[in-house]
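Structural overview for review
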Amino acid sequence: MSDPKQTKVVLDESQMPTHWYNIVADLPTPPPPHLHPGTQQPLVPEDLAPLFPMGLIEQEASTERWIEIPQEVHDIYRLWRPSPFYRARRLEQALGTTAKIYYKYEGASPVGSHKTNSAVAQAYYNKVAGRTRLTTETGAGQWGSALAFATQIFGQSCDIWQVRSSYEGKPYRHYLMETFGASVVSSPSELTDAGRAIREKFPDTTGSLGMAISEAVEAAAKDPNASYSLGSVLNHVALHQTVIGLETLKQLELFDEAKVDYLFACAGGGSNLAGISFPFIRENLEGRQSTKIVACEPKAAPSLTEGEYKYDFGDTAHLTPLLKMYSLGPDFVPDPVHAGGLRYHGMSPLVSHCYHEGLIDAISIKQLEAFEAGVIFSRAEGIVPASESNHAIAGAIRQAKAATEAGESPVIVIGVSGSGQLDLPAYAEYLAGNMADN
């Protein structure tokens, strides 16, 4: 029996997952393949070889249920994994709810977010393949910071295109990336053909992840020593993040929780949602759980709740493969909301497939509701959440209030994907009453 006053569970390093979980092995219906943009045929490994190392290409197409975490990656994970899992008792009290609320906190990583789980793995596989330079995009800067950290560990250079609205609105994020040794530019930039074309057509654009992806892909494709590295969306990225959900299941057992009724996670490109939810989907499919999984996306970029399920490009300049996903279109430029990591026009193909098959649900949250939830959470739990995570917290608070009104006591789990210490200017704007809802 667990202590009735227990607040958190931190697993021993010996209890860390040794394998990543690949949901493709258990899906009732196989997900649609990625397509070559020219031939419209399913991709083959050679199509991706100019951008990715073979180790990651194999993971992208794998149907194996368990993929072993390399020892070198596992050793670096020990810097922050296993991450803590909390019973949000003070939040429950603040809400006066009958629900039991837990949260998995990924803000304990070196850069303060879940993104490091994939960044270290990607940098490792590129090192094995002899790639000495990685290019990438970043929105809020969580992914860029993570890849800057990871490439520093493996002795690689790192060039990052950061979405203009976040580059200007979150300067401490690119200071952090530069501290780790990365080169960071505002996107769209004058450094690439794609960037110059976008700036000529839309000189006042606030930028988007789709634009930044185009620039990073172009830069990698022109350099034989470089790889492109993506922080979300693709299958191998979702795979690396499943350490989150695997740990969460173990930690729930130590709280004597046999059943989770609701799981809330923010969703932009899908890596955080996939990371915590895919192991729960397996539990649901095998009859051990009946958890309702809810993707919480921003109303400013509602790809699941308002997008079309179709083959689409992952970037603005149409340089990427065609992905079957829920999409608002690669030319869609979201409002410059503070949750920069969620300002993406599409959604992970695996997350999209799970949503299409009814394995997860989705809601959209406006900015003011998200930050209201973040402030309530901060004052109760003592952790300032990332702007992105506030969407998941808002969804959970909605559910907790509904449960109280109905006289129910569900178990709710929230994926808190990162720290908001570098998002404080956004909180200041909210607290001053100057924040726009979208």
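Residues numbered from 1 in each chain as written. Predicted model: local features only at pLDDT ≥ 70, side-chain atom pairs only at ≥ 80, totals over all residues. Heavy atoms only, no water.

Quick notes on the layout of surface pockets
The calculated volume of the largest pocket comes to roughly 320 Å³. If you trace the largest pocket, you find 17 residues lining it, with Pro33, His34, Glu60, Ala61 and Asn235 closest to the centre. Going through the elements one at a time, α1 (45-48), α2 (54-61) and α15 (349-356) are the ones with two or more residues in the lining of the largest pocket. Looking at the lining of the largest pocket, the element that brings in the most residues is α2, giving three residues. Looking at the lining of the largest pocket, its residues break down into twelve nonpolar, four polar and one charged. Quantified by volume, the second largest pocket comes out at close to 150 Å³. Taken together, His36, Pro37, Leu43, Asp47, Leu48, Pro50, Leu51, Val217, Ala221, Leu319, Thr320 and Pro321 make up the lining of the second largest pocket. When contributions to the lining of the second largest pocket are tallied by element, the ones reaching two or more residues are α1 and α10 (209-221). Of the residues that constitute the lining of the second largest pocket, the class distribution is nine nonpolar, two polar and one charged. (1 Å grid on protein atoms, 1.4 Å probe; cavity = no way out; pocket = protein on both sides within 12 Å on 5 of 7 lines; lining within 4 Å. Points joined across faces, edges and corners; volume = space filled by probe spheres on them. Helix = DSSP H or I, 4+ residues; strand = E, 2+ residues; numbered from the N terminus. Nonpolar A, V, L, I, M, F, W, Y, C, P; charged D, E, K, R; others polar.)

Quick look at the packing of aromatic side chains
For the coordinates displayed, the defined rule picks out 17 aromatic pairs. Here phenylalanine 85 and tyrosine 102 contribute two aromatic rings whose centre-to-centre distance is 5.5 Å and whose plane-to-plane angle is 5°, an arrangement assigned as stacked. On the criterion of sequence distance, the pair formed by phenylalanine 85 in strand β4 (residues 85-87) and tyrosine 102 in strand β5 (residues 100-105) is long-range, its members being 17 residues apart. In this pair, the class of phenylalanine 85 matches that of tyrosine 102, namely buried. A ring pair is formed by tyrosine 172 and tyrosine 175, whose centres lie 5.4 Å apart and whose planes are at 85°; its orientation type is edge-to-face. Highlighted residues: tyrosine 172 and tyrosine 175, both in helix α8 (residues 171-179), separated by three residues, approximately one helical turn. (Phe/Tyr/Trp six-rings, centres within 6.5 Å; stacked < 30°, edge-to-face > 60°. Buried < 20%, exposed > 50% of the residue type's maximum accessible area, 1.4 Å probe, protein only.)

Remarks on the sheet that holds strand β10 (residues 262-266)
The strand order across the open sheet formed by seven strands is β1-β4-β5-β15-β10-β11-β14, and the pairing between neighbours is mixed. Every interior strand has two partners, whereas the edge strands, β1 (8-9) and β14 (361-365), have only one. In terms of strand pairing, strand β11 (residues 292-298) meets β14 through five bridges, oriented parallel. Of the residues in β14, the one forming a bridge with alanine 295 is alanine 362. (Pairing = 2+ DSSP bridges.)

Focus on the packing of helix α5 (residues 116-128) against helix α6 (residues 142-153)
Closest axis-to-axis distance for the α5/α6 pair is 8 Å, and the angle between their directions is 40°. When the axis of α5 is compared with that of α6, the two are oblique. Here α5 runs over α6; the crossing is right-handed. Along its contact with α5, which presents Thr116, Ser118, Ala119, Val120, Gln122 and Ala123, the element α6 presents Trp143, Ala146, Leu147, Phe149, Ala150 and Thr151. (Axes fitted to C-alpha atoms, helices over the stretch in contact; angles between N-to-C directions. Parallel < 35°, antiparallel > 145°, perpendicular 65-115°, else oblique. Left-handed = near helix turned anticlockwise from the far one by under 90°. Contact = heavy atoms within 4.5 Å.)

Here's the deal with the environment of glutamate 64
Here glutamate 64 lies in the loop between α2 and β3 (66-68). Among the residues examined, glutamate 64 registers a relative accessible area of 53% and is labelled exposed. Along the sequence, glutamate 64 and leucine 249 sit 185 residues apart, while their C-alpha atoms lie 21 Å from each other. For glutamate 64, the contacting residues outside a window of four places in its chain are Asn22 and Ala25.

Topic: empty space enclosed by the protein
With a probe scaled to a water molecule rolled over the atoms, the places where space remains empty come into view. Per the counting criterion, the structure on display carries three cavities of 30 Å³ or more. Here the largest cavity is characterised by a volume of approximately 350 Å³. Lining the largest cavity are 30 residues, and of these Lys115, Ser232, Gly269, Gly341 and Leu342 lie nearest its centre. Where the lining of the largest cavity is concerned, the elements lending two or more residues are β6 (133-138), α6, α10 and α13 (271-285). In the lining of the largest cavity, the residues fall into eleven nonpolar, 16 polar and three charged.

Quick notes on the sheet that holds strand β8 (residues 183-187)
Pairing is parallel in the open sheet, where four strands are placed in the order β8-β7-β6-β9. Sheet topology places β8 and β9 (226-228) at the edges, where each strand pairs with a single neighbour. With strand direction ignored, the average angle separating the axes of adjacent strands in the sheet is 20°. Strand direction decides the pairing type here: β6 and strand β7 (residues 157-163), joined by six bridges, are parallel. Note that in β7 the partner of threonine 135 across the bridge is aspartate 159. Here α8 sits on the sheet in contact with β6, β7 and β8, set at roughly 175° to β7. On top of the sheet, α10 reaches β6, β7, β8 and β9; it is set at about 170° to β6, its chief contact.

Nothing here speaks to function; it is all geometry.
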